[in-house]
Amino acid sequence: MIVEFGVDEAPLEAAFRRAPEMEVEMEHLAATDEIPLRAFFWSYGDQFDRFEAGLGEDDGVERWTCLETKPGRRLYRVTHPPELPMVTLYQHAVEHDAIIRSATITSDRYRARMFVPDRDALASWREACGADGLSIDVCALYGAEQTPPERHHGLSEQQREALLAAADLGYFSIPRETSLAGLADQLGVSSQAVSERLRRGMENLVDAALAEDDGQK
């Protein structure tokens, strides 16, 4: 089954303090005997210099490297120290045969999606995290074969919100009834962040629709 959860102590605190409008989408998590936790993630926005300055100041980051740069996004590899709460969370997940499939991080929230074998494993994992001072807020629980509540049509929560706002405010109308800056004001983020959400959202909509059509042929 799949559990969606949030935690109070999210990683990259200093980076988000310097660049609060950035967004992070986890790509991969890994660990070895020598490396407690290594995270690969995409960061989106227009505050990369400030974000990277924050990575250099963050006590929860031992080393970081930018692996790839594309318009509006960059791929990073970050090594975390063993005392970071997220390292403990990840270790308990491994101990309970759980797999963190994805995570989204912003300046005010951390939300992850994780596979767990059953409800007993979930309860044991939460108990182990709680014993180490980690508070787990379960947001959703559903079968592994089901579509995540906010991932219908391949959209994340932020992408869905941006696309609905764009439609409601007439961004797609001809002529346009609002600008990218107007959408940004409505959503409380930067114009670059809105642009990226719309771009990724439309890409995901097209991918989901075409994949569905191909599957029906």
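Residue indices follow the written sequence of each chain, beginning from 1 at its first position. Restriction of local features to residues with pLDDT of at least 70 applies here, the model being predicted, together with a cutoff of 80 or more for giving and counting side-chain atom pairs; totals for whole chains, interfaces and linings are based on all residues. Hydrogens are left out, water is left out, and the side-chain values use all remaining heavy atoms of the structure.

Q: I'd like a rundown of the sheet that holds strand E5 (residues 73-80), residues and numbers included.
A: Strand pairing is assigned whenever DSSP identifies at least 2 bridges connecting the two strands. A run of H or I in DSSP counts as a helix once it spans at least four residues, and a run of E counts as a strand once it spans at least two, with each numbered from the N terminus. The eight strands lie next to each other as E4-E5-E3-E2-E6-E7-E1-E8, forming an open sheet whose pairing is antiparallel. Either end of the sheet is taken by a strand with one partner, and the two such strands are strand E4 (63-70) and strand E8 (136-142). Across this sheet, the average inter-strand angle for adjacent strands is 20 degrees, counted without regard to direction. Two strands pair when backbone bridges link them, and strand E2 (residues 23-30) and strand E3 (residues 37-44) are joined in this way by seven bridges, in the antiparallel orientation. Each bridged residue has a counterpart across the sheet, and for Glu23 the counterpart in E3 is Tyr44. We call two residues in contact whenever any of their non-hydrogen atoms come within 4.5 Å of each other. Helix axes are fitted to C-alpha atoms over the stretch in contact, other axes to C-alpha atoms as well, and angles between N-to-C directions run from 0 to 180 degrees. Contacts from helix H2 (residues 48-57) reach E2, E3, E4 and E5 within the one sheet, and its direction differs from that of E5 by about 5 degrees.

Q: I'd like a description of the pattern of salt bridges, backed by residues and values.
A: Opposite charge on two side chains lets them pair, provided their charged atoms get close. Just to be clear on terms, a salt bridge is a Lys or Arg side-chain nitrogen sitting within 4 Å of an Asp or Glu carboxyl oxygen. This structure, assessed with the given rule, holds 13 salt bridges. The shortest N-O distance in the salt bridge between Glu13 and Arg17 comes to 3.6 Å. You can see Glu13 and its partner Arg17 sitting in helix H1 (residues 13-18), four residues apart, about one turn around the helix. With relative accessibility at 56%, the residue Glu13 sits in the exposed group. With a closest N to O distance of 2.3 Å, Arg197 and Glu23 form a salt bridge. In this pair, Arg197 sits in helix H7 (residues 191-216) while Glu23 sits in strand E2, placing the two residues 174 residues apart along the sequence. Burial classification: accessible surface area is computed with a 1.4 Å probe over protein chains only, and a residue below 20% of its type maximum counts as buried, one above 50% as exposed, and the rest as partly exposed. Of the residues examined, Arg197 reaches a relative accessible area of 7% and is grouped as buried. Ionic contacts of the salt-bridge type, sharing partners, join the residues Glu23, Glu25, Glu161, Arg197 and Arg200 into one network.

Q: Pulling in residues and values, what's your account of the confidence of the model for the protein chain?
A: Per-chain confidence: the protein chain averages 87 in pLDDT, with 91% of residues scoring 70 or above. Per-element confidence in the protein chain ranges from a low mean pLDDT of 75 for H7 to a high of 96 for H2. What pLDDT expresses is the predictor's confidence in each residue, scored from 0 to 100.

Q: If you had to explain the packing of aromatic side chains to someone new, which residues and values would you point to?
A: Classification of ring pairs uses Phe, Tyr and Trp, with its six-membered ring standing for Trp, and accepts pairs whose centres are within 6.5 Å; under 30 degrees between planes counts as stacked, over 60 as edge-to-face, and the remaining range as tilted. Applying the stated rule across the entire model yields seven aromatic pairs. For the ring pair Phe16 and Phe51, a centre distance of 5.9 Å and an interplane angle of 75 degrees mean the geometry is edge-to-face. Residue Phe16 is found in helix H1, and its partner Phe51 is found in helix H2; the two are separated by 35 residues along the sequence. The exposure classification of Phe16 matches that of Phe51, with both residues buried. Both rings, one in Phe51 and one in Tyr76, keep their centres 5.7 Å apart while their planes meet at 50 degrees; by these two values the pair is tilted. Of the two residues, Phe51 sits in helix H2 while Tyr76 sits in strand E5, which places them 25 residues apart along the sequence. Under the relative-accessibility criterion, Phe51 is labelled buried at 0%. Through successive ring pairs, a cluster of aromatic residues spans Phe16, Phe41, Phe51, Trp64 and Tyr76. Sitting over a ring, as applied to charges here, requires NZ of Lys or CZ of Arg to be within 6 Å of the ring centre and within 35 degrees of the ring normal. One cation-aromatic arrangement involves Arg73 over Trp42; the distance from NZ or CZ to the ring centre is 4.6 Å. Across from the ring centre of Tyr44, 3.6 Å away, lies the NZ or CZ of Arg200, which sits over that ring.

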